[in-house]
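So the chains spell out like this:
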Amino acid sequence: QSEPTSISIQIDEQAPIISKHIYGHFTEHLGRCIYDGIYVGENSSIPNTNGVRNDIVKALKELQIPNLRWPGGCFADEYHWKDGIGPKAGRPNILNTHWGMVEENNGFGTHEFLDLCNLLGTEPYLAGNVGSGTVEELNDWVEYCNYDGNTDMANLRKENGQDKPWHVKYWGIGNESWGCGGNMTPEYFANLYRQHATYARNYPGASIKRVASGADADNYHWTEVMMRDVPHHMMWGLSVHYYTRTGWPPRGSATNFDEADYFLFMDHCLKMNEILDKHMAIMDKYDPKKRVALVVDEWGSWYAVEKGTNPGFAYQQNSMRDAMIAGVTLNIFNTRVDRIKMANLAQAVNVLQAAILTEGENILLTPTYHVMKMYAVHQDAQLLPLNFKSPKYTFEGKSLPAISASASKKDGVVHISLVNIDANKENTVEVDCEALGVSDFTATIVTSDNLQDHNTFDNPNKVKVQGYNDFKFKKNKLTLTIPPFSVLMLEAK
Ligand code: AHR
């Protein structure tokens, strides 16, 4: 039996708040995320509110989603928002060229999305089209959503049934402009961004936060140019996208994998540490006061699609491995909240590392959903920095840190989230609680017998959140054993 890993907690009154927006989600017109996912249409036999599935609304509400990004992704840069307003019969059919070359009828547009956000009690985060749109089109969209007065755009909104403006705060300007969003150079995009951001106006009572399309993974040059060439007051945030995947096209089955594959994916997942640190170092150079936020508005696992599904739909199952990816990634974000102010899991329903999967009238909550729900306690809580040296998870001579952790405090309650990614070994930690003055503990856990375990429509509760009590408290030290591949949330008062 090896020595327990000792974890000490720093009490730092100046520690930053973990922005709740780190727990954001993403819904794109991709595969079955919107159509045949969230949106089934008013005439569906599946219980719905204006076409949006009631069971999905209920499940997403329980996640306390702080913001929801829409309509893409790559789709955003070919989306012309005016196609998606007004009487549905008059809305044009369009072709989704990025995702499966499928036609859609624009039944789900700006009003439907913003009504969904209302139902969820979440902030909308709209992604504006820079790749194939115009400055005027973006300017009009912001005015349509946010201006309360007597102009063409405000009156059009009223005619379409929304009297008061929505005051949408978060606006993405471009998406992956280095790739699907226009294949631009950063120098060219920086200028386009400045132009588009200028005309994405603040209207009375509706000052907006503009997020610039940012780098892909380790494209540090993109971040360098944006921070250098765009005046910082024009950019509330600069994004970065990083997926846990092991190649392109994405490879590996979501559920049928061995330990070698698991190790490889966890290695890729942990690379998020280095990628964020390097982008943040560049941002610090140009913006030491950390005025510009780093926004990880796409993250998650990306495997080969499930057999028999449309290759353009990015539909994948979600196993205990994804629970590990979610837990580790959220800990990475929590511990960098002086710069990271927003993040969005890709995606909420039926796409990539989805929180929810649907099949006809059935719905299931994935292991990722359960981890996101457990971690919601960190939203807007004060970070408690931790000090510890992780034991190793070793496989075929290579090793990764086995334990990842983060902690926060809100209203006198402390939460510590702990992940043990080791596929075989439990790990014991000893948390020094003296400085916290806590003595009352409860814990929940997401764990299962096999790494490949996942929820199916026949067995939707195979992986779920359970109570956990394998811990002892003695002389101000809490000793707690974390089973292999499990995510644990400890609450202390
Ligand atoms: O989330 C799926 C896709 O991944 C998005 O559309 C795009 O931005 C990224 O490449």
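Residues numbered from 1 in each chain as written. Predicted model: local features only at pLDDT ≥ 70, side-chain atom pairs only at ≥ 80, totals over all residues.

The name given to the protein chain in an unreviewed UniProt entry is non-reducing end alpha-L-arabinofuranosidase, with Aestuariibaculum sediminum as the source organism. Quoted verbatim from the Catalytic activity (unreviewed entry) field of UniProt, the annotation for the protein chain is "Hydrolysis of terminal non-reducing alpha-L-arabinofuranoside residues in alpha-L-arabinosides." According to UniProt, the comment filed for the protein chain under the heading Sequence similarities (unreviewed entry) is "Belongs to the glycosyl hydrolase 51 family." (UniProt positions renumbered as here; feature names shortened; annotations may be inferred.)

Colleague: Can you break down the site of the ligand residue by residue, with the values?
Modeller: The environment of the ligand is formed by Glu28, Leu30, Gly72, Gly73, Cys74, Asn175, Glu176, His241, Glu298, Ala346, Gln347 and Leu352. The class makeup of the residues in the shell around the ligand is four nonpolar, five polar and three charged. (Near = placed C-beta within 6 Å. Nonpolar A, V, L, I, M, F, W, Y, C, P; charged D, E, K, R; others polar.)

Colleague: If you had to explain unusual backbone geometry to someone new, which residues and values would you point to?
Modeller: Where the residue is not glycine, phi is negative for most of them; where a peptide bond is considered, it is trans in most cases. A cis amide bond links Gly72 with the next residue in sequence, Gly73, at an omega value of 15°. Relative to the elements of secondary structure, Gly73 occurs in the loop between strand E5 (67-70) and strand E6 (94-96). The amide bond that connects Ala346 to the next residue, Gln347, takes the cis arrangement and shows omega of -5°. Take Gln347: it is sitting in the loop between strand E13 (340-346) and strand E14 (356-359). Of note, the phi angle at Asn50 is positive, near 50°, even though the residue is not glycine. On the secondary structure map, Asn50 appears in the loop between strand E3 (48-49) and strand E4 (52-53). Residue Asn50 is classed as exposed on the basis of its 12 C-beta neighbours within 10 Å. (Helix = DSSP H or I, 4+ residues; strand = E, 2+ residues; numbered from the N terminus. Buried ≥ 20, exposed ≤ 12 C-beta atoms within 10 Å, placed from the backbone.)

Colleague: Please set out the UniProt feature "domain: Alpha-L-arabinofuranosidase C-terminal" (unreviewed entry) in the protein chain residue by residue, giving values where relevant.
Modeller: The sites that carry the UniProt feature "domain: Alpha-L-arabinofuranosidase C-terminal" (unreviewed entry) are, in the present numbering, residues 297-486. Along residues 297-486 the backbone is 13% helical and 39% strand, and the end-to-end C-alpha distance reaches 25 Å.

Colleague: An account of the pairing of E13 is requested, with residue identities and associated values reported.
Modeller: Burial of E13 is extensive: seven of the seven residues sit out of reach of the surface. With three bridges connecting them, strand E2 (residues 24-26) and E13 associate as parallel partners. Looking at the pairing, His25 lines up with Leu345 of E13. Crossover connection from strand E12 (residues 293-301) via helix H8 (residues 320-334) to parallel E13: handedness right-handed. (Pairing = 2+ DSSP bridges. Right-handed = clockwise from strand over helix to strand, strands pointing away.)

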